[in-house]
Amino acid sequence: MNKTRVSTTNSGVRILGSQIKTDVNSEISQKHSKKVLIIGLDGLEYNLVEKFDLKNLKQIEHGKVDLSKFSVLSTPVIWASFITGLPPEKHGVKVGRGWKNPFIHFLYEKLALLSHNIGLHKTAARIYSKMVFIKQGRKTLEIFGFRPDLYHGKDHYRKNGIKTIFDLVDNSISLHVPTYCTQEEFMEKLRSGEGKAFRDAFDSPHSRRVFEEKFIWEEFRRDRRDCITALGSDWRLLLAYFEYTDYIGHLFWGNLTKMWEGYAMADKLVAELKHRINEDDTLLLVISDHGMEALGKYGFHSDHAFYSANKRLGLTNPKMTDFFRTISEWLGYE
Ligand SMILES: [Zn+2]
């Protein structure tokens, strides 16, 4: 007996049975076998991928992503736009971590915007990486109760009724995605001292080496392992985020050998993951939140991001907010 069992879930209809007779059912089945694997590579620069001609990263379609709607090129703000399809003023995720005191936050954002608009942002970053008094100033502000608003994660979207790509299907997985982690994950990252170690890495070759081993290569190995493990489970949407590309860009932009090493690893990663998915029914999207450009011997966020896909999506100069639609259409919604 061939009986088709259909169960309704939050995200629609799921086919559980063995034989599907009607066209309608086979259409539903086809839609629901489609998957999306997203590899998020923070700060991956389009021009460098082209320069190194990394074929796996470039895939069948690739290009720049337009970030002109972002007044400040801030990682959390841009990833929040990617996962929601909304501009910053609608998703409400703020620059940096934001400050609990609304007045301090207002000043902080205005200053960031001002320095961006008059082209001072590079100088500001250069000063920031060098000046001890800014670090001291931050500490002093914290002592007087102006603490950064620490946690921005999953709860932010739930509380504000904002739909993310992870709400499109039941079996979605997010790995280390900025602004979409749990509070425990966030605290864990904070405890590891990563932020401080990153700031210190600009100060001496020794602290740079320490940071490099612990937070660049070791984190890459962990993130790769987590991604491969997740691929073995039941998923229809998986976003695996890698931060190491942003770190090497900031610290080693002037060192082409090191940049090649890091980017070639990303290229190899994509090739490896391709072998583990069925490309017929899986959209493989590689995406960065922004690129990188020279700031002396260091790197600083450039005003465009990178994307590539294993399918012809026909996108031209897409915006970061466009991918929500691309992903939901591929999964069979809208
Ligand atoms: Zn960065």
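In this text the structure is predicted, and so the values were computed from the model without any measurement.

Criteria and thresholds
Residues numbered from 1 in each chain as written. Predicted model: local features only at pLDDT ≥ 70, side-chain atom pairs only at ≥ 80, totals over all residues. Buried ≥ 20, exposed ≤ 12 C-beta atoms within 10 Å, placed from the backbone. Helix = DSSP H or I, 4+ residues; strand = E, 2+ residues; numbered from the N terminus. Pairing = 2+ DSSP bridges. Axes fitted to C-alpha atoms, helices over the stretch in contact; angles between N-to-C directions. Contact = placed C-beta atoms within 7 Å. Parallel < 35°, antiparallel > 145°, perpendicular 65-115°, else oblique. Left-handed = near helix turned anticlockwise from the far one by under 90°. Nonpolar A, V, L, I, M, F, W, Y, C, P; charged D, E, K, R; others polar.

## Focus: the pairing of strand 3 (residues 35-41)
Here is step 1: Burial within strand 3 is extensive, with six of its seven residues counted as buried.
Here is step 2: Across six bridges, the pairing between strand 3 and strand 7 (residues 282-287) is parallel. The partner of Gly 40 across the bridge, within strand 7, is Ile 287.
Here is step 3: Sheet topology note: the strand 3/strand 6 (residues 237-242) ladder contains six bridges and is parallel. When the bridges of strand 6 are listed, Leu 41 appears paired with Phe 242.

## Here's the deal with the pairing of strand 9 (residues 298-302)
Consecutive side chains of a regular strand alternate in pointing toward one face of the sheet and then the other.
Here is step 1: Counting buried positions along strand 9 yields four of five residues, so the element is predominantly enclosed.
Here is step 2: For strand 8 (residues 291-295) and strand 9, the ladder comprises five bridges, and the chain directions are antiparallel. Pairing of Met 292 across the sheet is with His 301, part of strand 9.
Here is step 3: If you look at the hairpin formed by strand 8 and strand 9, you'll find two residues sitting between the two strands, and Gly 296 has a positive phi there, around 60°.

## Remarks on the sheet that holds strand 3
Here is step 1: Reading across the sheet, the six strands line up as 4-10-7-3-6-5 and stay open at both edges, with mixed pairing between neighbours. In this open sheet, the two edge strands, each paired with only one partner strand, are strand 4 (61-66) and strand 5 (172-175). Here the average twist between neighbouring strands, direction ignored, is 15°.
Here is step 2: Contacting strand 5 and strand 6, helix 12 (residues 205-231) runs over the sheet at an angle of about 170° to strand 6.

## So, the environment of Thr 326
Here is step 1: Within the secondary structure, Thr 326 sits in helix 15 (residues 323-330).
Here is step 2: Judged by C-beta crowding, with 20 C-beta atoms within 10 Å, Thr 326 ranks as buried.
Here is step 3: Between the alpha carbons of Thr 326 and Leu 313 there is a distance of 8.0 Å; along the sequence they are 13 residues apart.

## Some words on unusual backbone geometry
Where the residue is not glycine, phi is negative for most of them; where a peptide bond is considered, it is trans in most cases.
Here is step 1: A positive phi angle is found at Asp 53, which is not glycine, with a value near 50°.
Here is step 2: Residue placement: Asp 53 occurs in the loop between helix 2 (46-52) and helix 3 (55-58).
Here is step 3: By the C-beta count within 10 Å, which is 9 here, Asp 53 ends up exposed.

## Examining helix 4 (residues 75-84)
Here is step 1: With eight of 10 residues buried, helix 4 lies mostly within the body of the structure.
Here is step 2: Tucked inside the fold, the buried residues of helix 4 contact helix 5 (88-91), strand 7 and helix 15.

## Quick look at the packing of helix 12 against helix 13 (residues 244-252)
Here is step 1: Contact geometry of helix 12 with helix 13 gives a least axis separation of 9 Å together with a crossing angle of 155°. Classed by the angle they form, the pair helix 12 and helix 13 counts as roughly antiparallel. Every pair of crossing elements has a handedness; the one defined by helix 12 and helix 13 is left-handed. Residues Arg 208, Phe 215, Ile 216, Glu 219 and Phe 220 of helix 12 pack against Tyr 244, Tyr 247, Ile 248 and Leu 251 of helix 13.
Here is step 2: Each residue belonging to the contact of helix 12 with helix 13 can be placed in one class, and the counts come to seven nonpolar, no polar and two charged.

## A closer look at the environment of His 62
Here is step 1: Relative to the helices and strands, His 62 is located in strand 4.
Here is step 2: Each C-alpha atom of the pair His 62 and Leu 315 lies 8.8 Å from the other, and the pair is 253 residues apart in sequence.
Here is step 3: Sequence-distant contacts of His 62, that is, excluding residues within four places in its chain, are made with Tyr 307 and Ser 308.

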